[in-house]
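Examining the three-dimensional arrangement
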Amino acid sequence: MDLTFSDKETAFRDELRAWLSDNQPARRPAADAGDDAHFEWRRDWQRRLYDAGWAAPAWPTEYGGRGASQAESAIYYEELGRARVPVAANTLGILLGGPTLMVWGTPEQKERHLPPILSGEEIWCQGFSEPDAGSDLASLKTKAVKDGDEWVVTGQKVWTSGAQYSKWCMLVARTDSEVAKHKGLTYFLMDMEQEQVQVRPLRQITGEAEFNELFIEQARIPDANVVGGVGNGWKVALTTLMNERAGLGFALQIRLRQLLDDVIAHAGEKGLLEDALYADKIAELHIRCETIRLLAWKGLTDAERYGQPGPEGSLVKWLWSDTNQRATQLAADVIGPQALTSGTSWSYELMRSRGNTIEGGTTEVLKNIVAERVLGLPRLKVAA
Ligand SMILES: Cc1cc2nc3c(=O)[nH]c(=O)nc-3n(C[C@H](O)[C@H](O)[C@H](O)COP(=O)(O)OP(=O)(O)OC[C@H]3O[C@@H](n4cnc5c(N)ncnc54)[C@H](O)[C@@H]3O)c2cc1C
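I will try to describe carefully the structure that is included in this document. In this text, all values refer to a predicted model and were calculated from it rather than measured experimentally.

What follows concerns empty space enclosed by the protein. Under the defined criterion, the tally for this structure stands at one cavity of 30 Å³ or more. Volume-wise, the largest cavity comes out at about 170 Å³. Among the elements that line the lining of the largest cavity, the one with the most residues is helix 3 (residues 70–82), at four residues. Residue composition of the lining of the largest cavity, grouped by class: 14 nonpolar, two polar and one charged.

Moving on, we get to helix 4 (residues 91–104). One turn of an α-helix holds 3.6 residues; hence residues three or four places apart share an orientation. Taking 1.5 Å of rise per residue, 14 residues should cover 20 Å, and helix 4 covers 19 Å from first to last C-alpha, within 8% of that figure. Along its length, helix 4 shows its largest kink, about 35°, at G97, and proline P99 lies within four residues downstream of that point. In terms of burial, helix 4 is a largely internal element, eleven of the 14 residues being buried. Turning to helix 4, its buried residues number three or more, namely T91, G93, I94, L95, L96, G97, G98, P99, T100, L101 and M102.

Moving on: the layout of surface pockets. Empty space among the atoms can be located by rolling a probe the size of a water molecule over them. Volume-wise, the second largest pocket comes out at about 170 Å³. Looking at the second largest pocket, it is lined by twelve residues, and the ones nearest its centre are D2, E9, A71, W297 and E304. When residues in the lining of the second largest pocket are grouped by element, the largest group, four residues, is from helix 8 (residues 276–306). Class assignment for the residues of the lining of the second largest pocket results in six nonpolar, three polar and three charged.

Attention shifts here to unusual backbone geometry. The backbone phi angle of W159 is positive, close to 65°, even though this residue is not glycine. With a phi angle near 60°, Q218 is a residue other than glycine that sits in the positive phi range. Structurally, Q218 is set in strand 7 (residues 211–222).

Our next topic: the pattern of salt bridges. In this structure the tally under the stated criterion is 26 salt bridges. A salt bridge links E72 to K8; the shortest N-O distance between them is 2.9 Å. Pair noted here: E72 is in helix 3 and K8 is in helix 1 (residues 7–22), with a separation of 64 residues, a long-range link. Note that R48 is salt-bridged to D44, the shortest N-O span being 2.9 Å. Residue R48 and its partner D44 are located together in helix 2 (residues 35–51), separated by four residues, close to a single helical turn.

So, on to a nonpolar patch on the surface. Taken together, the side chains of V374, L375 and L377 present a nonpolar region at the surface, about 270 Å² in accessible area. If you trace the backbone, L375 turns up in the segment after helix 11 (363–374). L375 gets classed as exposed once you look at its relative accessible area, which sits at 58%.

Parameters and conventions
Residues numbered from 1 in each chain as written. Predicted model: local features only at pLDDT ≥ 70, side-chain atom pairs only at ≥ 80, totals over all residues. Heavy atoms only, no water. 1 Å grid on protein atoms, 1.4 Å probe; cavity = no way out; pocket = protein on both sides within 12 Å on 5 of 7 lines; lining within 4 Å. Points joined across faces, edges and corners; volume = space filled by probe spheres on them. Helix = DSSP H or I, 4+ residues; strand = E, 2+ residues; numbered from the N terminus. Nonpolar A, V, L, I, M, F, W, Y, C, P; charged D, E, K, R; others polar. Expected span 1.5 Å × (residues − 1). Bend = angle between axes of the 7 residues up to and from the residue. Buried < 20%, exposed > 50% of the residue type's maximum accessible area, 1.4 Å probe, protein only. Salt bridge = Lys/Arg side-chain N within 4 Å of Asp/Glu carboxyl O. Patch = residues over 30% accessible without salt bridge, like charges linked within 9 Å, V, L, I, M, F, W, Y side chains within 5 Å. Areas by Shrake-Rupley, 256 points an atom, 1.4 Å probe, with all protein chains shown as cover.

Below, the structure written as structure tokens:
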């Protein structure tokens, strides 16, 4: 693998860097300004990216992107991470919903939905997980029944990030209970603006309500909002899941690097770099950061070669989440009581990192994937 940028990639990076140095996000709202103010700040930033054609460079030009290659897309997220700008408000729409529609959507669905995803006018959320169906998504129970040219949906979703701001939900529901569980699912676009959909925010340990419970009681979805055909929901959902970490992974590993650099700077100021205990921990985290960076690029090379991300991506996510938790814990040790004081960015990082080993696939599930699909170990049989 050659990590040297081509002339085209260098030009892409330089153009983006120049734009980012001339265009900053609006001033970040105060920590206690509330979730809505932070969300609007991120939506404003997405609008600025959109106006300059930088909202989703990986999207094809016909849909408003730049047709960027996988390497350019990685550069894009690395540069956004390096510039420490906020995550765009409609990240789930850009990274998950849009690409899923590009593969499975009808021409009408693409024409209707892709432009407002990109501009951030219509926010999207992901209605997959349920109280008894997270890791084992295919066992979900939310039901959709055909009624004329509409579907009537009843059930409950949970951990639905950003649902309180969303116009559309990527909803997977059971449309046939008679067939094998993977085969009876259908993927819908559900309009969140109807009374039959109740959104209840769940407050996290950080104090913010990033995700929600969805209570769906006879919600109506027109047949035209089925994506990829009735009974084909599992395959469509896999497209969404495969896209989940493809781009953000690069931004996350840069943010981890910045966090570690900040910790090292603080440790230096406090003379802790001479302390063997701290020096040892920092050296280990440094090696982990480099390993994650190189594995992320290797994953990209594989994706370019084989046309899709491989199971090795699970290793990057597992290593990143574990390392981020260790780095934020070390930050608390280095910085002291201020890092445990509510409202500081250090306490936010420390507490938010607890969810890293759950979101986007738990560590146990990722370890199973690495064991079975990367190392070829026999499948674990769990007693009932
Ligand atoms: C910050 C955050 C944001 C999220 N946003 C969304 C969202 O927008 N939309 C959405 O649909 N979901 C979202 N989720 C949900 C997330 O995808 C699930 O939490 C995750 O898939 C785990 O499911 P679960 O919580 O039901 O746990 P379970 O699947 O019930 O797992 C419970 C425990 O059992 C372990 N376990 C389960 N199966 C196995 C196995 N086969 N082998 C070994 N151990 C196993 C797990 O590792 C875990 O420790 C979010 C979660 C978080 C933390």
